Amino acid sequence: MTDTPPPTRYAWLDFNAPLSDARARRLVERLARPAPATVLDFGCGWGELLLRLLAAVPGAVGTGIDTDRSLLARGRANAAQRGLADRAAFVEAPAAGRDDTADLVVCVGASHAFGDTADALGALRRAVRPGGRALFGDGFWERTPTPGELAEMWPNASRDDYPDLAGLVDLAVDAGFRPLWVEAASGDEWHDFESGFLADREHWLLTHGDRPEAEQVRASVDRHRARWLRGYRGVWGFGYLTLGVPES
């Protein structure tokens, strides 16, 4: 008897964030306009944004940093397929504690790698060279969550876990950035992301739902969906801040 293959991971997602292709195109266009020579992506995953930025800025070189070996391998394969392997490096390492610098620094959904949001913004500010840019994507409260909503979210969820959008921008300013553009994921982007995040396991269950290991897979997707639909849907937002650094 052959072993049952495990569910795939992130196969239904272009980005590991609530980010549409249309918004990604606008972000890349805006970030590419100053023609950065170097790009650094903290918590890059498979580096889709990094690769799109390099494709938009001929001659630029970039480095993606993450601890997930399989996602980095996907990034390297994509870079080779798109003819970007000589300009894109994928490094398996923690994001925190590094002294890398670049003209453009990206950190989307990876603030936890530095500690908290303020720590992440401080690290990004140190990494951006004078006159450079940063793209910071992170969570915020769309509105104050109720105790009942918090109870349905992740374990020990608290109102103190995130600021509101204004507070997120304030933290960026406190870190030494100027906010050049402020935007937030739409409801459709959230629905696409959450459905895509669960799709690998849901499709696996259609074929392997009678296997003994399916009980654990089914429980994990049902738990995540409940947290989304009964907990943070419409409450937890995700902001994309395009940030600038003074030239001197």
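Please refer to the structure placed before this passage.
Residues numbered from 1 in each chain as written. Predicted model: local features only at pLDDT ≥ 70, side-chain atom pairs only at ≥ 80, totals over all residues. Heavy atoms only, no water.

Draft legend 1. Spotlight on the sheet that holds strand β3 (residues 88-92). Here we have seven strands laid out as an open sheet, ordered β3-β2-β1-β4-β5-β7-β6, and mixed in their pairing. Either end of the sheet is taken by a strand with one partner, and the two such strands are β3 and β6 (178-184). The sheet shows a mean angle of 15 degrees between the axes of neighbouring strands, taken without regard to direction. In this sheet, strand β7 (residues 236-244) lies alongside β6 in antiparallel orientation, the contact comprising six bridges. By the bridge assignment for β7, Pro 179 is matched with Leu 243. (Pairing = 2+ DSSP bridges. Helix = DSSP H or I, 4+ residues; strand = E, 2+ residues; numbered from the N terminus. Axes fitted to C-alpha atoms, helices over the stretch in contact; angles between N-to-C directions.)

Draft legend 2. Geometry of the layout of surface pockets. Estimated volume of the largest pocket: approximately 1100 Å³. Around the largest pocket, the lining comprises 48 residues; the ones closest to its centre are Asn 16, Val 108, Gly 109, Ala 110 and His 112. Put simply, the parts of the chain that give the lining of the largest pocket at least two residues each are α2 (48-56), β2 (61-66), β4 (102-108), β5 (128-141), α7 (187-208), α8 (214-232) and β7. Looking at the lining of the largest pocket element by element, the count peaks at four residues for α7. Residue composition of the lining of the largest pocket, grouped by class: 26 nonpolar, 12 polar and 10 charged. Estimated volume of the second largest pocket: approximately 180 Å³. (1 Å grid on protein atoms, 1.4 Å probe; cavity = no way out; pocket = protein on both sides within 12 Å on 5 of 7 lines; lining within 4 Å. Points joined across faces, edges and corners; volume = space filled by probe spheres on them. Nonpolar A, V, L, I, M, F, W, Y, C, P; charged D, E, K, R; others polar.)

Draft legend 3. Summary view of the pairing of β2. Where strand β1 (residues 38-42) lies against β2, five bridges are found, and the strand directions are parallel. Within β2, the residue paired with Val 39 across the bridge is Gly 62. By the bridge criterion, five bridges tie β2 to β3 in an arrangement that is parallel. Looking at the pairing, Asp 66 lines up with Glu 92 of β3. Considered for its hand, the β-α-β crossover made up of β2, helix α3 (residues 69-81) and β3 is right-handed. (Right-handed = clockwise from strand over helix to strand, strands pointing away.)

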